[in-house]
Amino acid sequence: MKICIFGAGAIGSHLALRLVQAKADVSVVARGAQLEAIRSRGLHGRLPEGAQLHAHVRASEDPAALGPQDAVLVTVKAPALPSVARTIAPLLGEETPVAFVMNGIPWWYFYAHGGPLDGRRLPRLDPGDGLWNAVGPERVIGGVINAPSTVIAPGVVAIERAANLLTLGEPSGALSERAGRIAAAFRAGGLDAEVTGDIRSAVWNKLIANLALGPMAILAQASYRDLFAEPACVAAAQAIMHEAAAVATALGCKPDGAHEARLASVRNLAHKPSILQDLERGRPMEVDAILTTTIELARLVGVATPTLDLLIALVRLRAREAGLY
């Protein structure tokens with residue numbers, strides 16, 4: 001299976017390494033120091049139990065150099081999506097699916113949604129319908145990854161937890177063969193992967209945890225472990241989870257209620273969420289996909305989110321002050 005990972009950051013590199021273990025024909029779209037390291041030394045992954053993964057893959061900044069694929073996984077941060085829209089065409093064959101494995105509300109969220117919101121566009125996430133036109137929502141497979149990872153040097157990613165999960169799903173809810181093939185490739189590479197008939201609920205399950213941790217981590221510039229050492233932060237996280245779950249429910253989703261258990265699984269990690277890593281490294285922050293759009297959807301369905309409103313307003317000010325939003 002010929003698969004391209006569009007965006008070889010921490011998550012993209014981790015996924016590429018897993019696919020190589022499964023003997024897939026893997027290529028990556030990368031840039032800068034990461035691209036040069038991958039070309040010269042390959043990709044390296046450090047697992048928490050001490051094992052290591054290593055792979056050489058084709059890498060280019062220009063998708064046209066890689067050619068049509070059997071599947072594409074987009075793993076860039078949301079601010080890079082307009083660039084994806086402009087350049088992804090050479091990777092797409094007649095039936096190439098594109099899985100967007102990203103944090104936050106996805107640009108395609110209301111495609112095949114059903115009900116009065118069906119087909120609604122999200123211009124904050126897809127300006128000018130760039131992705132809607134360049135990729136086409138019919139190619140889309142939704143993706144959610146729970147795998148805390150950090151690029152610790154160009155071409156080197158630390159995978160910080162042994163238990164990781166990739167969830168894939170069609171916007172329509174169909175259990176498709178194409179999503180099943182991609183999931184099977186990852187399982188063959190040692191990564192737990194599943195196909196769900198309710199990808200939007202999976203999106204919200206991940207997003208609720210991101211909302212509970214990300215804004216406070218940004219304001220405190222603290223790791224998960226440090227945040228959870230403060231009882232007031234724990235209480236705020238619980239309030240945020242309740243508010244975000246109410247928004248998800250009002251949109252017809254079924255968040256699983258395991259949010260405190262999900263947070264407990266990371267509370268002892270010295271890991272910093274990716275949106276905080278972006279702040280500290282001077283990279284554009286995913287404020288809209290993870291934060292602002294959540295508030296907009298809350299207003300759309302008439303759900304009050306006072307804790308989120310305050311924290312997100314403060315984060316937006318912090319990000320603007322840093323010149324990253």
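Now for a look at the structure at hand.

To continue, consider the environment of R318. The residue R318 is located in helix α12 (residues 306-321) in this model. R318 sits in the partly exposed class, given a relative accessible area of 32%. Distance in space between the C-alpha atoms of R318 and L279 is 9.1 Å, their sequence separation being 39 residues.

Counting 79 residues, the largest nonpolar core has F6, V74, L81, I88, F100, W107 and W204 as its most contacted members. Here the element with the most residues in this core is helix α6 (residues 199-220); it accounts for 13 residues. With sequence-adjacent residues up to four places away left out, L81 is seen in contact with V74, V76, F100, M102, W107, L125 and L131.

Attention now moves to the pattern of salt bridges. Scanning the model with the defined rule gives 11 salt bridges in all. D288 is paired through a salt bridge with R124; the nearest N and O atoms lie 3.5 Å apart. Linking D288 in helix α11 (residues 287-301) with R124 in the loop between β7 (98-101) and α4 (130-134), this pair joins segments that are 164 residues apart in sequence. D288 sits in the buried class, given a relative accessible area of 18%. One salt bridge in this structure joins D278 and R283, with 2.8 Å as the shortest N-O distance. By relative accessible area, which is 1% here, D278 ends up buried.

Here the focus is the sheet that holds β7. What the 8 strands build is an open sheet, ordered β5-β2-β1-β6-β7-β8-β11-β12; its pairing is mixed. Two strands lie at the open edges of the sheet, namely β5 (58-60) and β12 (192-195), each paired on one side alone. Averaged over all neighbouring strand pairs, the angle between strand axes comes to 20 degrees, with direction disregarded. Sheet topology places β7 next to strand β8 (residues 140-146); 4 bridges connect them, and they run parallel. From the neighbouring strand, F100 faces β8, where its bridge partner is G142. Strands β2 (25-29) and β5 of the sheet are contacted by helix α2 (residues 32-41), whose axis makes an angle of about 155 degrees with β5.

Here we come to the side chain of T305. Along the chain, the position of T305 falls in the loop between α11 and α12. A distance of 2.9 Å separates the side chain of T305 from the side chain of R299, its partner in a polar contact. If near-sequence neighbours (up to four positions away) are discounted, T305 is found in contact with E243, V247, I295, A298 and R299.

Parameters and conventions
Residues numbered from 1 in each chain as written. Predicted model: local features only at pLDDT ≥ 70, side-chain atom pairs only at ≥ 80, totals over all residues. Heavy atoms only, no water. Helix = DSSP H or I, 4+ residues; strand = E, 2+ residues; numbered from the N terminus. Buried < 20%, exposed > 50% of the residue type's maximum accessible area, 1.4 Å probe, protein only. Core = buried A, V, L, I, M, F, W, Y, C linked by side-chain atoms within 4.5 Å. Contact = heavy atoms within 4.5 Å. Salt bridge = Lys/Arg side-chain N within 4 Å of Asp/Glu carboxyl O. Pairing = 2+ DSSP bridges. Axes fitted to C-alpha atoms, helices over the stretch in contact; angles between N-to-C directions. Polar contact = N/O pair within 3.5 Å; in protein donor to acceptor, adjacent residues only side chain to side chain.

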